[in-house]
Amino acid sequence: MKKLVYDLLPPGVCNLLNPAAIYANNEISLGDVEIYGFDYDYTLAQYSNLLHSMIFNTARDILIEQFKYPEGLGKYDYIPGFAIRGLHYDVQKSLLMKIDAFHYVQLGTAYRGLKPVPDEEVIELYGGTQHIPLYQMSDFYGKGPSLKQFMDIFSLPEMTLLSSVIDYFITHGIEFDQVHLYKDISDAIRDVHVKGVMYKWIEKDMEQYILHGDEIYAVLNRLVNHKKKLFLITNSPFSFVDKGMKHMVGKNWRDLFDMVIVQADKPNFFTDRRKPFRKLDDKGSLQWDKINQLEKGKIYKEGNLFDFLRLTGWRGSKVLYFGDHLYSDLADLMLRHGWRTGAIVPELETEIRIINTEQYMHSLTWQQALTGLLERMQMYQDAESKQVLLEWMKERQEIRSLTKNLFNPQFGSIFRTFHNPTYFSRRLVRFSDIYMASISCLLNYDVNFTFYPRRTPLQHEAPLWMDQLCTGCMKTPFLEEMVHIR
C-alpha cells in the first residue's frame, strides 16, 4: 500500500506551490480597488533575522542592568528558529504553547523555559483536558485574562527571551513571580522599540537590515502609473520611515503617496475617535494648526480612522490595506469598516518551500492514506486486528511528528496543528481577503487580476474529493479498493 501511494506521486508534484503567489481567502478583484494602503514595518520594509538577535540582546541587557536580573542571563543568546508566530503564553503557568482553532493545545508543543512539558502534565494543568476555555483565551486583540497571543513578527525575540529567563530560574532553583516576570520582559522589549534603540540600528546599516528594497519601489511605482491612490499608516516615527523609504524607494518617495500618517498608535487608531491629526513639517517638527483636510505630500501624526474616512471619503471595498499584524492592522478594517485586507506573512515562503519537498509530500500522502485505512479497519474487533490498528496509529503519530518537525522542531507550522488549522490560521482566514509572503508578490499579477479562493471540501463533501489527496492531482485507486472492505 505504501509503495502504491508513493508510486502515485507524479514527477512534478514537489513544485506545485509557488512561494511568490498570492493566496485568496475571499474573492477580490484588484480592478475594483482604487486606493492602496500600507503598514510600514514588515509590510513595506522587510527586515533580516539579524534584527531579532539585536532585540533579544538589548532587552536581555536591560533586564540585567535596569531590572537587576541575575548577571548569569548574559550567557543566553538568541536562538533562531526556537519560537514561531501565533503561539500563546499562559502567564500563570509559564507555558508557551501552540493552540489550534478549536482551543486545544497541540500536545508536544508546550514549553516551560527551553524544555518541553510532558503531555500528561499539560493535561493535568488544564484540569484533565487539552482544551482552553473561551474565558481564558485571547480577546479580540490577542490579550486574554491569563493567555497572551504573540502575533507580531517582532515578538519572536520576546518569546525566546521569556523562555530563556524561565530556563535560567528553573535551572538555578530560583523562585519567581510569573506575572512580574512576564511584565518585566514585556517592558524590556517595549523599551527597545519605544526608546528608539531599534530604529538607530536599522538607520545605521540599512543594507544589512532591510530586504527587497528595489521590489517595493517597483510595486508602488506600478500602482501610481495605473492611477491608484496610495497611503501609509504606521506606528513608526517619521524620521525612521523617511530614511527607510529613501533607502528602498528614493529621496522622492513621498511623491508616490497621497497620504502619510506616522505614530498612528494602531490598533487604537481604528477604534478611538479622540486623537485629532497633527501635521509635521518637512523636518518632522509638530505644527499646531487644526487639520481640516489631509493634503498630498504632507506628513500627519496620530489621528483616527473616523476623521480619516470623513476627510478622504475613502470607504468600503475600493480600499485595500496591507499589514503584517492580523489584529492591529487588519481586524478592525475588515470587520468594522468593510475595507479589503491583505496579510503579509513572510513565513509563508519558507513553509511553501518545505511543502514542495519530496519528504513532505511522501509523509503527508502516506499519512492521509493511513488515516483512511484506520477509519475503515476499526470495525474489526478481534485481537489481531486491534494489534494492527495500534501499530498503524503509532505509525501515524510518528509521521505527524516528523511532518511537524520539518517546519519547526518545537512548534511545527504556523498554519497547522497536525491536521487542524492553528488559532493563528483561523484568524488569518477571518481577517484577510488575501495573503502573501511579501508585497513584491503583487508584481506577479495584473493590476486588474481577480483572486478566486479555491473551493475546499466541507467534511460532509469530502467523499466528492476522494480521488484527490493532498496534491490535488493524484488518482488513488486504493481508495476504491478500500470501499469494498467490509
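Small disclaimer: the values here were computed from a predicted structure and weren't measured.

**Description of the overall build of the chain**
Within the chain, the secondary structure is distributed over 17 helices and 20 strands. The C-alpha radius of gyration of the chain comes to 25 Å, within 12% of the 23 Å expected for a compact globule of 486 residues. Counting only C-alpha atoms, the chain reaches 85 × 60 × 40 Å along its principal axes. Taking all 486 residues of the chain together, 52% fall into the buried category. For the chain, the exposed surface amounts to about 23,000 Å²; the carbon and sulfur share of it is 51%. With 56 positive and 60 negative side-chain charges, the chain shows a separation of 6 Å between the mean positions of the two kinds.

**Observations concerning the pattern of salt bridges**
Should their charged atoms come close, side chains of opposite charge can pair. One pass over the full model with this rule turns up 22 salt bridges. Residues Asp191 and Lys195 are paired through a salt bridge, measuring 3.8 Å at the closest nitrogen-oxygen approach. When the shortest N-O distance is used, the salt bridge between Glu295 and Lys279 registers 3.4 Å. Of this pair, Glu295 sits in the loop between strand E13 (277–280) and strand E14 (299–302) while Lys279 sits in strand E13, and the two are 16 residues apart along the sequence. A single salt-bridge network, built from bridges that share partners, covers Lys183, Asp187, Arg190, Asp191 and Lys195.

**Observations concerning the sheet that holds strand E8 (residues 115–116)**
The strand order E8-E7-E6-E5-E9 describes an open sheet built from five strands, whose pairing is antiparallel. Strands with a single pairing partner mark the edges of an open sheet, and in this sheet they are E8 and strand E9 (147–149). The pairing of strand E7 (residues 105–112) with E8 spans two bridges and is antiparallel. The residue bridging Tyr111 from the neighbouring strand is Pro116, located in E8.

**Describing the nonpolar core**
Counting residues in each nonpolar core, the largest one holds 134 residues, and the members touching the most others are Phe38, Tyr40, Phe257 and Phe308. When residues in this core are grouped by element, the largest group, eight residues, is from helix H4 (residues 155–171). Apart from the residues within four sequence positions on either side, Phe257 is in contact with Phe38, Leu44, Leu220, Leu230, Phe231, Leu232, Met245, Lys296 and Gly297.

**As for the sheet that holds strand E11 (residues 229–233)**
Within the open sheet, the nine strands sit side by side as E1-E19-E16-E15-E3-E11-E12-E14-E13. Their pairing is mixed. Edge positions in the open sheet fall to strand E1 (23–24) and E13, since each of these has one partner strand only. As defined by bridge partners, strand E12 (residues 259–262) adjoins E14 across three bridges and the pair is classed as parallel. Bridge pairing in E14 links Ile261 to Tyr300.

**Details of the confidence of the model for the chain**
When the pLDDT values of the chain are averaged, the result is 90; 93% of them are 70 or greater. In this model residues 467–479 is a low-confidence stretch, pLDDT under 50, and it forms 31 contacts with partners more than four residues away in sequence or in other chains. Note that residues 481–486 has pLDDT below 50 and, in this model, eight contacts with residues that lie over four places away or in other chains.

**Topic: the UniProt feature "binding site: Mg(2+)" (unreviewed entry) in the chain**
When the UniProt feature table is mapped onto this chain numbering, "binding site: Mg(2+)" (unreviewed entry) sits at Asp39 and Asp324. Spanning 286 residues, the named residues form one tight spatial group whose C-alpha atoms are at most 7.7 Å apart. Along the chain, Asp39 turns up in the loop between strand E3 (35–38) and strand E4 (46–47). According to the relative accessible area criterion, Asp39 is buried, its value standing at 6%. Within the element layout of this structure, Asp324 appears in the loop between strand E15 (319–323) and helix H12 (326–335). Setting aside its immediate chain neighbours within four residues, Asp324 contacts Asp39, Asp41, Tyr42, Thr43, Arg85, Asp152, Ile153, Asp329 and Ile344.

**Points about the UniProt feature "active site" (unreviewed entry) in the chain**
Here the UniProt feature "active site" (unreviewed entry) sits at Asp39 and Asp41. With residues near it in sequence (within four places) discarded, Asp39 still touches Leu44, Leu232, Ile233, Thr234, Lys266, Tyr321, Phe322, Gly323, Asp324 and Asp329. At a separation of 2.8 Å, a polar atom in the side chain of Asp39 contacts the side chain of Lys266.

**Digging into the side chain of Ser236**
Along the chain, Ser236 turns up in the loop between E11 and helix H9 (238–248). A relative accessible area of 1% means that Ser236 is categorised as buried. At a separation of 2.4 Å, a polar atom in the side chain of Ser236 contacts the side chain of Asp41. Ser236 has contacts with Asp41, Tyr199, Val241, Val262 and Gln263, leaving out every residue within four places of it along the chain.

**Let's talk about the pairing of E3**
Burial of the side chains of E3 extends over both faces: Ile35 and Gly37 are buried on one face and Tyr36 and Phe38 on the other. Relative to E11, E3 is paired through four bridges, and the arrangement is parallel. When the bridges of E11 are listed, Ile35 appears paired with Lys229. In this sheet, E15 lies alongside E3 in parallel orientation, the contact comprising four bridges. Counterpart to Tyr36 in the pairing with E15 is Leu320.

**Description of the pairing of strand E16 (residues 340–344)**
Judged by how many residues are buried, E16 sits mostly within the fold: five of five residues are covered. With burial as the criterion, each face of E16 is covered, one bearing Arg340, Gly342 and Ile344 and the other bearing Thr341 and Ala343. Inspection of the sheet shows E15 paired to E16 by four bridges, in the parallel sense. Note on E16: the bridge partner recorded for Tyr321 is Thr341. With three bridges connecting them, E16 and strand E19 (residues 434–436) associate as parallel partners. By the bridge assignment, Gly342 is partnered in E19 with Ile434.

**Details of helix H11 (residues 305–312)**
Along H11, the residues classified as buried are Leu305, Asp307, Phe308, Leu309 and Thr312. Taken together, the buried residues of H11 touch E11, E12, helix H10 (268–271), E13 and H12. Taking the backbone nitrogen of Phe306 as reference, a side-chain oxygen 3.1 Å away marks Asn304 as the first, capping residue of H11. Looking one or two places after H11, you find Gly313, whose phi comes out positive at around 70°.

About the cut-offs
Residues numbered from 1 in each chain as written. Predicted model: local features only at pLDDT ≥ 70, side-chain atom pairs only at ≥ 80, totals over all residues. Heavy atoms only, no water. Helix = DSSP H or I, 4+ residues; strand = E, 2+ residues; numbered from the N terminus. Rg over C-alpha atoms; globule rule 2.2 N^0.38 Å. Buried < 20%, exposed > 50% of the residue type's maximum accessible area, 1.4 Å probe, protein only. Areas by Shrake-Rupley, 256 points an atom, 1.4 Å probe, with all protein chains shown as cover. Lys, Arg positive; Asp, Glu negative; His and termini not counted. Charge placed at Lys NZ, Arg CZ, Asp CG, Glu CD. Salt bridge = Lys/Arg side-chain N within 4 Å of Asp/Glu carboxyl O. Pairing = 2+ DSSP bridges. Core = buried A, V, L, I, M, F, W, Y, C linked by side-chain atoms within 4.5 Å. Contact = heavy atoms within 4.5 Å. pLDDT = per-residue confidence, 0-100. UniProt positions renumbered as here; feature names shortened; annotations may be inferred. Polar contact = N/O pair within 3.5 Å; in protein donor to acceptor, adjacent residues only side chain to side chain.

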